[in-house]
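An overview of the molecular structure
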Amino acid sequence: THCSTTRQSARRRCRAAAAAQESQLASSAMGKMKNMDKPWEDDSVDHWKPEAFAQGDMAGPLLEESSFAVLFPAYREKYLREVWPQVTSALKEQGVACQLDLIEGSMTVSTTRKTWDPYIILKARDLIKLLARSVHLQQALKALQDDVFSDVIKVGGLCS
């Protein structure tokens, strides 16, 4: 029995020594990995800065046409008719087609073969949403900028 107890304790010591050696190797490997230069930890690069999208960045035209339509109330018709040439020229610079339908009371924006920014159609949708919600044209045109975002929040059900 003394011999078997000695063997068991020897095995335990051997296992403990092997485990300690493995953990030491793992920690030294982790230490080496920790000290290695990582390209994503470069302090000279601002990883949160949005990249500008220039006109020549897209390889070819968009494959599908995207369009959005927004209805507007009748009292906005006069103002929209006055400012629609300015809306058309602002969207034409981005390669987006727009249409004002006074009979249906809707505004439509759609991509064209000349659209060079794939995200501009969502910005144009926000523009016509703002115009339908009685936002002045100069303020609504800011929605086309890269660093400006807009959202319409319905507050009707928030208060009791």
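One can find the structure itself at the top, above this paragraph.
The text that follows walks through the structure, step by step, so that each part is easy to find.

Remarks on a nonpolar patch on the surface
- There is a patch of nonpolar side chains on the surface, built from Ile153, Val155 and Leu158 and spanning about 340 Å² of accessible area.
- Mapped onto the fold, Ile153 is located in the segment after helix 4 (137-140).

Some thoughts on the sheet that holds strand 1 (residues 67-71)
- The antiparallel open sheet is built from 3 strands, whose spatial order is 1-3-2. Lying at the two open borders of the sheet, with one neighbouring strand each, are strand 1 and strand 2 (96-101). Between one strand axis and the next, the sheet turns by 15° as a mean value, whatever way the strands run.
- As paired strands, strand 2 and strand 3 (residues 106-111) are joined by 6 bridges and run antiparallel to one another. Bridge pairing links Gln99 to Thr108 in strand 3.
- Its contacts with the sheet put helix 2 (residues 77-94) on strand 2 and strand 3, and the angle it makes with strand 2 is roughly 165°.
- In the packing of helix 3 (residues 120-132) onto the sheet, the strands contacted are strand 1, strand 2 and strand 3, and the crossing angle to strand 3 comes to about 170°.

Cut-off values and rules
All residue numbers here refer to positions counted from 1 along the written sequence of the relevant chain. With pLDDT at 70 or above as the cut-off, local features in this predicted model cover only qualifying residues; side-chain atom pairs require 80 or more to be listed or tallied, and sums for whole chains, interfaces and linings still use all residues. Each side-chain value is worked out from all heavy atoms of the structure, with water and hydrogens disregarded. Residues enter a patch when their relative accessible area is above 30% and they make no salt bridge; the linking distance is 9 Å between like charges and 5 Å between nonpolar side chains (Val, Leu, Ile, Met, Phe, Trp, Tyr). Values of accessible area rely on a 1.4 Å probe in the Shrake-Rupley scheme; residue burial ignores everything except the protein chains shown. Counted as salt bridges are all cases of a side-chain nitrogen of Lys or Arg within 4 Å of a carboxyl oxygen of Asp or Glu. The way it works is that DSSP assigns letters per residue, a run of H or I at least four long becomes a helix, a run of E at least two long becomes a strand, and they are numbered from the N terminus. DSSP bridges decide pairing: two strands pair if at least two such bridges lie between them. Here, axes are lines fitted to C-alpha atoms. For helices the fit covers the stretch in contact, and angles between N-to-C directions go from 0 to 180 degrees. We call two residues contacting when some pair of their heavy atoms lies within 4.5 Å.

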